[in-house]
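Chain and residue survey
One-letter residues, chain by chain:
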Amino acid sequence: MSVQSIAFSTGQLAEVRRLQGLYPDKRGALLPVLHMAQDTFGYVSLEVEEYVASLFGLSPAHVHEVVTFYTLYFRQPRGRHVVAVCHNLSCHLAGAPLILAHLKERLGIDVGETTDDGRITLQAVECLCACEAAPMMQVDDRYEMNLTPDKVDRIVEALR
Amino acid sequence: MNVNVAAERMKLTVDGRTVEVRPGATVLDAVNRLEIALPQLCKDHDRAPLGACRTCLVHVEGVRGVPAACHLPARDGMVVSTEHPDAVRVRRGVLDLTLSMLTPSAERDGFGQLGGAAERHELARPTWTPLHQAPIDGSKSFFVLDREACILCGRCAVACDDVQHIGAIALLGRGHAMKVGVARGGAMATSVCTSCGQCVATCPTGALRPKDAAAPIARRVETTCPYCGVGCGIELGVRTDHRLAVMADDVPVNRSSEGMLCVKGRFGTGFVHARDRIRTPRVRRDGRWHEVGWDEALDAAADGLARHHGRFGALASAKATNEDAYVIQKFVRAVMGTNNVDHCTRLCHSPSVEAMLVSMGSGATSNSYQDYEEAGCLMVVGADASANHPVIAIRFRRAMKRGAKLVVVNPKRVELCDQADLWLQPRPGTDVMLFNAMARVIVDEGLADADFIARRTEGVGAWHTSLSEATLERAAAVTGVSAEHIAQAARWYARPPVSGSCLIWGMGITQHTNGIHNAHALLNLSLVAGQLGRAGSGISPLRGQNNVQGCGDSGCIPTNLPGYQKYDEPTLRHFEREWGLRPPAMTGKVVTEMVEAFLSGEIQAMYVVGENPLLSEPDLHHAEKAFDQLDVLVVQDLFMHETAEQADVFLPAAAFAEKEGTFTNSERRVQRVRKAIDPAGDARPDWWITAELAKRVARRLGRDVSTQFAWRSASEVFDELARLTPFLGGLSHARLDREGGLQWPCPTADHPGTRFLYGETFPLGKARFIPALQTAEAAELPDPDFPFLLNTGRLLYHWHGGTLTRRVEGLMELAPRLEVAIHPSDARRLGVDTGAPLRVSSRRGELTGYARVTEAVRPGALFVPFVKLADSAANFLTNPAFDPASKIPEYKVCAVRVERLTAA
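Since the model is a prediction, treat every value here as computed from it, not as a measurement.

**Comments concerning the overall build of chain B**
Secondary structure summary: chain B contains 31 helices and 36 strands in total. What you see for chain B is a C-alpha radius of gyration of 29 Å, in line with the 29 Å of a compact globule of 904 residues. Projecting the C-alpha coordinates of chain B onto the three principal axes gives extents of approximately 85 × 80 × 70 Å. A total of 904 residues make up chain B; the buried ones form 61% of that total. Taking contacts inside chain B between residues at least 6 apart in sequence as the whole, the part at least 24 apart equals 72%.

So this is what it looks like as structure tokens:
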């Protein structure tokens, strides 16, 4: 991604203005706009932080502060799909370590890394509020529950 | 009527003592009122509470738990205890955890406020060990960031963001990984930090601390910053070894600076102790300097000057005090029989002052800094406030945060351009056309203030006719700014979204051969829009030197007596009565004319105080030739600078921290300068030296002026100045000490001072529209031999020619060598990168500098600051052609060529 390519479309800029208008202080819209930026540019690079800062009249340091605080902003390129395995208490007791180990071996990457073909980024995350179906993981924006290694294989297979 | 007394005052009990606070106060305010030692690490005493450190914990009867006092609203009847066992136990636990985050270091003497609090809670050693280890970031020249001592209170980030509006520092990451850092996560020096030191001043643990060895401070002296015309309050720390602490503190109660400072005010006072300060008077004999006593030096100077009565000129200093300036002009007028006295304003704002005198009758900034913050539109023209008036730039940023529109007019991309709502980039020298076109938009679109024009102005008809050429289409063609942008700027300025508009300008307007036309075009714009004479509006030439306003007020100009009074018969008689000597009635020479008069022999002796014309004059080779012709040159200064090298007698003067007096800043505020330390060696205050010289010269001329130059203190000098200057009549050192700085006009002892001028009337009665004409863009434009256009200006880290700042080590680290700003396309053609050595030459001289490749300048243009570094100075190149009306040289434009030098 070159520096020149970091710019929202006219339609997106209108959306930025709409979001900014929803809050008494427009900086309230920083989080949704950062998500927009992440969806558009793939991840929140330092250049993206600076671009977003310029849309808000904020210092790049302030945007850096926000981006480094939240875990859902990716500061490195991520895969086309994000597989986030819950490793919190309920899932842990129900076999999350096994699921995670299986995924690591199958994908050949460690937690926090992305497969060489750019297909999948693997994460371990805190509780996603689905303890009734532990162990579970989030794949992009959907939940996959009551996992077994076989079920994980089928899910990962389907990700292109 | 029932008045609820409880709403006016609330009564609380803290540790068994009763205290009253106002509604809106917190429990911490009540505790602090009683001066009870309660830790409050994240609380800056003049900022809103952060509530981050959780150390100000108290017990309140009837309240569950141990709340933080800083965020607990005080209520009538509250019973508070800071000593309750629960509060002490939990607070001790928090302090223990806080202290456990930190690693002791041999380089640091304790943890500031935290160290003291821990001691009071009998915490000799923390229970836990730190999780992280971090090396010290020493990348900044004046201070370090030592994360081992950081408790993540966030005060530094608030100081950087909310006080200074710089936004360099932030708290990065979360949880255990959180740390103070900068954008991109690099070292401090890679950030936009301007070294203002606001964070260092506020840090409670010494994680941010000055680099110099902490020496015990014996006392603190509140005074006024000696650098630019903003006039910030500074508090000098005087160490037990009689030297000034490297870092000065800010003064929150100062009405001009409100606790803000920039790098020069905070860290730049070290020149006072420079090794090469001249400490003893010197006389030149047989081409060599001899150190002598005051009597011998003053006699030698007096012998020389007395020979040239009437063929004499003096250059006063806008860096010295009002008292110093007043005594100099009295000496020149009363003893030397001439009005040939001037100061550096000739080289910066004389077109502004002349134009304002013609249009309005007064040459001062009409508004206060406060008005910038209350304005709805700020139009900043030819001024790089972030570099030259940093604390004013903070005011601009505060205004923008409130929603004010910022319009920047500048051919160079200065920092403010990046923050502006609209940036106009006219071709140099086309300003008149630009402002005339804006004025036409205002008239044509019905945005003019018809009522103001009718009641308060004259000459609108002829002026309006003079705008016929200034159509948007033509202006766009001449200036290179789009018609749409010109019109938008005019609309915002005439009808800001709220309140009024302020017009602010700098040397980019004045240092041109058509400087006075530029200034008139601006003034006309303010008149047609009616944007002056009320809160949130006004006209502001940003003054460069700390006392350039006061030096003119005190009479160091050849055209007027103190208080800008004219050489008319009643005034001359009044001065004669006061002085016992009559000032001459004929207008004297301005400094640029004086230099020419050296060559013709009309002036044969010169007295130069606190100025360095052989660095600040344009075309230095020519100026050097002129100075060679002088028979007698007496220089009075701190250092042996370029001009002093040519002198016959050198008189060592006391620096700002070594004497009493007053400075007057850009908003007409007269503020006290106070003595913190004894003068270096035998140095003496300027007013004393000049008075001694005056008495000795007079004696040689057969006159006795010992009663007219007999002041015993600076305060007595000020009283005489105030007596003769109606607008200062109500001021005295005693009153300024009592009430803080006051803004003139302040004619009587019970007058509160004046926030803005022209509320009711103008000194001329009605203000005048003066048609301004777009003449040739500059006296010298690029041609095939000299194809580049050279622009000059200033830097944040150096002060003008650099005589002071070159003697402050940390500032030299920040800006060690002369940089030539060049556009990437030109740099490519020359095959140079940033850092490559370059030779820049004009028809008059040449210099060596280092390329800084930047889009801040246009293609075909170069920018060189006028500071002298390593024998290279921009004024070897500049053109002495001057504006015929105000005599200001055209520093801003000349033609040069640039070549790549092979690295030695």
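Once you've had a look at it, read on.
**Topic: the interface of chain A and chain B**
Residue-level contacts link 14 residues of chain A with 16 residues of chain B. In this assembly, chain A packs against chain B so that about 1,100 Å² is buried in total across both faces, 53% of it on carbon and sulfur atoms. Three residues, A:Ala61, A:Glu65 and A:Phe69, lead the burial of chain A against chain B; their summed loss comes to 40% of the area buried on that side. Joining chain A to chain B, the criterion identifies two salt bridges. A salt bridge links A:Glu50 to B:Arg184, with the shortest nitrogen-to-oxygen separation between them at 2.8 Å. In this assembly, chain A and chain B are joined by five residue pairs in polar contact (both at pLDDT 80 or more). Listed by contribution, the elements that provide at least two residues to the side of chain A that touches chain B are α3 (46–56) and α4 (60–69) of chain A.

**Observations regarding the packing of α3(A) against α4(A)**
All names here are of chain A. Here α3 crosses α4 at 120°, and the two axes come no closer than 8 Å. As judged from the angle between their axes, α3 and α4 are oblique. Remark: the crossing between α3 and α4 carries right-handed chirality. Residue-level inspection shows Leu-46, Glu-49, Glu-50 and Ala-53 of α3 in contact with α4, the latter providing Pro-60, Val-63, His-64 and Val-67. Residue composition of the contact of α3 with α4, by class: five nonpolar, one polar and two charged.

**Things to note about the sheet that holds strand β17 (residues 405–409) of chain B**
Residues and elements named next belong to chain B. Pairing in this open sheet of five strands is parallel, and the strands run β18-β17-β16-β20-β21 from one edge to the other. A single partner strand is all that each edge strand has here, and the edge strands are β18 (422–424) and β21 (538–541). Strand-to-strand twist in this sheet, taken as the mean axis angle between neighbours without regard to direction, amounts to 15°. Note: strand β16 (residues 377–381) against strand β20 (residues 501–505), five bridges, orientation parallel. In the sheet register, Leu-378 faces β20, and the bridge partner there is Cys-502. Each of β16, β17 and β18 touches helix α15 (residues 431–444); the most contacted strand, β16, lies at about 155° to it.

**Considerations on the domain arrangement of chain A**
Segmentation of chain A into domains returns domain 1 (3–69) and domain 2 (81–159). The gap between the C-alpha centroids of domain 1 of chain A and domain 2 of chain A is 29 Å.

**Quick word on the nonpolar core**
Residue and element names in this part refer to chain B. Core analysis: the largest hydrophobic core is formed by 218 residues, its most contacted members being Leu-305, Phe-331, Met-379, Phe-435 and Met-438. When neighbours within four sequence positions are excluded, Phe-331 is seen to be in contact with Leu-305, Phe-312, Met-336, Tyr-607, Thr-690, Leu-693, Ala-694, Val-697 and Phe-709. Ile-36, Leu-38, Ala-69 and Val-94 belong to the second largest nonpolar core, which has 25 residues in total.

Calculation criteria
Residues numbered from 1 in each chain as written. Chains lettered and ligands numbered in written order. Predicted model: local features only at pLDDT ≥ 70, side-chain atom pairs only at ≥ 80, totals over all residues. Heavy atoms only, no water. Helix = DSSP H or I, 4+ residues; strand = E, 2+ residues; numbered from the N terminus. Rg over C-alpha atoms; globule rule 2.2 N^0.38 Å. Buried < 20%, exposed > 50% of the residue type's maximum accessible area, 1.4 Å probe, protein only. Contact = heavy atoms within 4.5 Å. Buried area = accessible area lost by both parts, 1.4 Å probe. Salt bridge = Lys/Arg side-chain N within 4 Å of Asp/Glu carboxyl O. Polar contact = N/O pair within 3.5 Å; in protein donor to acceptor, adjacent residues only side chain to side chain. Axes fitted to C-alpha atoms, helices over the stretch in contact; angles between N-to-C directions. Parallel < 35°, antiparallel > 145°, perpendicular 65-115°, else oblique. Left-handed = near helix turned anticlockwise from the far one by under 90°. Nonpolar A, V, L, I, M, F, W, Y, C, P; charged D, E, K, R; others polar. Pairing = 2+ DSSP bridges. Domains from an automatic or database assignment. Core = buried A, V, L, I, M, F, W, Y, C linked by side-chain atoms within 4.5 Å.

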